[in-house]
Amino acid sequence: MTNAKKRLTPPVLELLQYYLHKTKHSDLSMRNKLFLFLVVFVVLLILGIFLLFVITGTIVPGVNVIHQDFKKDLNTAAYDIATQYGTLSAHAVEFANELSTSIEQKNKKMKRST
């Protein structure tokens, strides 16, 4: 019966029971236990207040700043790409004109020689 009862007990409850039993017989004085309780309580209180501020929107954890920086970086990258594409297009048109002129000149030379 005890084995079945142990198997039905979740591991979390077993762990809690173990620590409760251990703390009853621990060497910590009441003063140290109260200090530890105070530290845990203050940390939880500060975290609770911070969480309340985040939920209500009083403190926004930097999402807007990151979003604005990312948007600015994307805009500058898009502008640079557009500028480079424009320069490349201008070079391509210039190259096409030179190529067509060169082909026409060679074609005229071939017609003269024949």
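Residues numbered from 1 in each chain as written. Predicted model: local features only at pLDDT ≥ 70, side-chain atom pairs only at ≥ 80, totals over all residues. Heavy atoms only, no water.

### Here's the deal with the overall build of the chain
So, step 1. Tallying secondary structure elements over the chain gives 4 helices and 0 strands in all.
So, step 2. Ordered by position from N to C terminus, the α and β elements of the chain give α-α-α-α.
So, step 3. Within the chain, buried positions represent 1% of all 114 residues. (Helix = DSSP H or I, 4+ residues; strand = E, 2+ residues; numbered from the N terminus. Buried < 20%, exposed > 50% of the residue type's maximum accessible area, 1.4 Å probe, protein only.)

### So, the packing of aromatic side chains
Remark: the centre distance and the inter-plane angle together describe each pair of aromatic rings, the angle taken between the planes.
So, step 1. Enumeration according to the criterion identifies 1 aromatic pair in this entry.
So, step 2. Their ring planes at 20° and their centres at 6.2 Å tell us that F37 and F41 sit as a pair that is stacked. Residue F37 and its partner F41 are both found in helix 3 (residues 30–56); the two are separated by 4 residues, about one turn of the helix.
So, step 3. Look at F37 and you get exposed, because its relative accessible area is 56%. (Phe/Tyr/Trp six-rings, centres within 6.5 Å; stacked < 30°, edge-to-face > 60°.)

### A few points about helix 3
So, step 1. Over its 27 residues, helix 3 extends 38 Å from the first C-alpha to the last, a length consistent with the 39 Å expected when each residue adds 1.5 Å.
So, step 2. With its phi angle positive at about 90°, G57 sits one or two positions after the end of helix 3. (Expected span 1.5 Å × (residues − 1).)

### Regarding a positive patch on the surface
So, step 1. Together, K106, K108, K109 and R112 make up a positively charged patch on the protein surface.
So, step 2. For K108, the location among the structural elements is in helix 4 (residues 63–113).
So, step 3. Overall, the relative accessible area of 53% leaves K108 in the exposed class. (Patch = residues over 30% accessible without salt bridge, like charges linked within 9 Å, V, L, I, M, F, W, Y side chains within 5 Å. Areas by Shrake-Rupley, 256 points an atom, 1.4 Å probe, with all protein chains shown as cover. Salt bridge = Lys/Arg side-chain N within 4 Å of Asp/Glu carboxyl O. Lys, Arg positive; Asp, Glu negative; His and termini not counted. Charge placed at Lys NZ, Arg CZ, Asp CG, Glu CD.)

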